[in-house]
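Below, each chain spelled out in residue letters.
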Amino acid sequence: SARLLAKRILEHGYEVVLVSLDQRHLETARAMDLALVEADATLTETWDALEPETIRAVAVLLPEDKHNLEVSRIVREVVGIERVVSRAHDAAHTSLFVEMGVQMINPTMSPIVELEYLLLFPTVTSLMTDLDDQHDIIELRLSCPELTGKPLRDLDLPEEAMIVLIRRDGDIVYPRGHTRLQMGDRLTLMGPLEAVQELARRCK
C-alpha cells in the first residue's frame with residue numbers, strides 16, 4: 001500500500017509528499033502527518049507547484065493503467081523528473097511504460113520492498129529488473145546467531161546467493177567482505193532461486 005511505502009521511505013530520512021484527490025489516501029496521509037497535495041496528478045500545473053527540481057523520485061500508484069501512464073508521461077516528459085516508477089495492472093501494458101523510461105516492478109518480489117529500492121537504490125534495481133522465474137529476491141530478518149559476528153568473507157554462504165543490502169536500526173549498510181551481520185538485521189537476498197532459498201533457511 002501507499003501507506004507502507006511512505007513509512008519505509010520516511011525511515012530513510014526522506015520527505016514524502018502525497019498527491020491525490022482520493023479522500024481515503026488523504027485521510028491516511030493526515031493520520032501519518034505526511035505532507036499532502038490535494039490535486040489532480042494528471043495536470044502539469046500540479047507538479048510545477050511542487051518545484052520539480054526538488055523531487056528525487058516519483059511512485060505512480062493509481063488503480064488504472066491508463067491513469068498511471070498519463071501521470072508517468074507528464075512527470076517524465078513534461079515536468080522532467082527522471083526517476084519514475086510504477087506497476088502495470090495488466091502485464092500487456094508493461095512495454096508502454098518501459099518505452100517512456102518508467103521503471104517497472106518485478107512481479108517476483110514484494111511490490112512495496114521493490115518500490116522502495118526502485119525509488120532509492122537504482123544500482124540494486126538494475127539487477128532486479130532482469131530477474132526471471134529461476135531467480136529470486138527476498139527480504140528477511142536475521143534470527144540465526146551462527147551467521148553473526150564473523151566477516152561475510154568468512155561465512156560459507158551458498159554459491160551465487162548475495163546479500164545485497166542490510167537494514168539495521170533505520171540505517172542502510174552496503175555489505176562488504178569485512179561486514180559482520182547482527183541479530184535482527186533485515187537482509188535483502190538475491191540470486192538463483194535455490195541458492196537464495198537455502199540462504200534464507202539458514203538466516204531463520
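Each value, and the rule that gives it
- Residues numbered from 1 in each chain as written.
- Predicted model: local features only at pLDDT ≥ 70, side-chain atom pairs only at ≥ 80, totals over all residues.
- Heavy atoms only, no water.
- Helix = DSSP H or I, 4+ residues; strand = E, 2+ residues; numbered from the N terminus.
- Contact = heavy atoms within 4.5 Å.
- Areas by Shrake-Rupley, 256 points an atom, 1.4 Å probe, with all protein chains shown as cover.
- Disulfide = S-S within 2.5 Å.
- Buried < 20%, exposed > 50% of the residue type's maximum accessible area, 1.4 Å probe, protein only.
- Pairing = 2+ DSSP bridges.
- Axes fitted to C-alpha atoms, helices over the stretch in contact; angles between N-to-C directions.
- Right-handed = clockwise from strand over helix to strand, strands pointing away.
- Core = buried A, V, L, I, M, F, W, Y, C linked by side-chain atoms within 4.5 Å.

1. Comments concerning the overall build of the protein chain
Along its length, the protein chain carries eight helices and nine strands. Considering only residue pairs separated by 6 or more positions, the protein chain has 61% of its internal contacts joining residues 24 or more positions apart. For the protein chain, the exposed surface amounts to about 11200 Å²; the carbon and sulfur share of it is 49%.

2. Focus: the state of the cysteines
Tallying each qualifying case throughout the model produces zero disulfides. Between Cys-144, a free cysteine, and Cys-203, which holds the nearest cysteine sulfur, the sulfur-to-sulfur gap is 7.3 Å. On the basis of relative accessible area, Cys-144 is assigned to the buried category, the value being 10%.

3. Structural notes on the sheet that holds strand 9 (residues 186-192)
The four strands are arranged 6-9-7-8 in an open sheet whose pairing can be described as antiparallel. Looking at strand neighbours, the two that pair on one side only are strand 6 (135-141) and strand 8 (171-173), the edges of this open sheet. Neighbour-to-neighbour, the strand axes of the sheet open up by a mean angle of 15 degrees, direction not taken into account. For strand 7 (residues 162-168) and strand 9, the ladder comprises five bridges, and the chain directions are antiparallel. Counted as the bridge partner of Ile-163 is Leu-189 from strand 9. The sheet contacts of helix 8 (residues 193-203) involve strand 6, strand 7 and strand 9, and relative to strand 9 the element is tilted by about 150 degrees.

4. Considerations on the pairing of strand 2 (residues 35-38)
Judged from the four bridges that link them, strand 1 (residues 17-20) and strand 2 form a sheet pairing that is parallel. Note on strand 2: the bridge partner recorded for Leu-18 is Leu-36. With helix 2 (residues 23-31) bridging strand 1 and its parallel neighbour strand 2, the resulting β-α-β unit is right-handed.

5. Structural notes on the nonpolar core
Counting 18 residues, the largest nonpolar core has Trp-47, Val-58, Val-71, Val-75, Ile-81, Phe-97 and Val-102 as the members making the most contacts within it. Of all the secondary-structure elements, those providing two or more residues to this core are strand 3 (58-60) and helix 4 (65-79). If near-sequence neighbours (up to four positions away) are discounted, Phe-97 is found in contact with Asp-65, Asn-68, Leu-69, Ser-72, Ser-86, Ala-88, Val-102 and Met-104.

6. Some points on the environment of Cys-144
Along the polypeptide, Cys-144 turns up in the loop between strand 6 and strand 7. A C-alpha to C-alpha distance of 9.0 Å links Cys-144 and Gly-184, two positions 40 residues apart in sequence. Apart from residues lying up to four places away in sequence, Cys-144 is in contact with Met-183, Arg-202, Cys-203 and Lys-204.

Take it as geometry only, folks, not as evidence of what the structure does.
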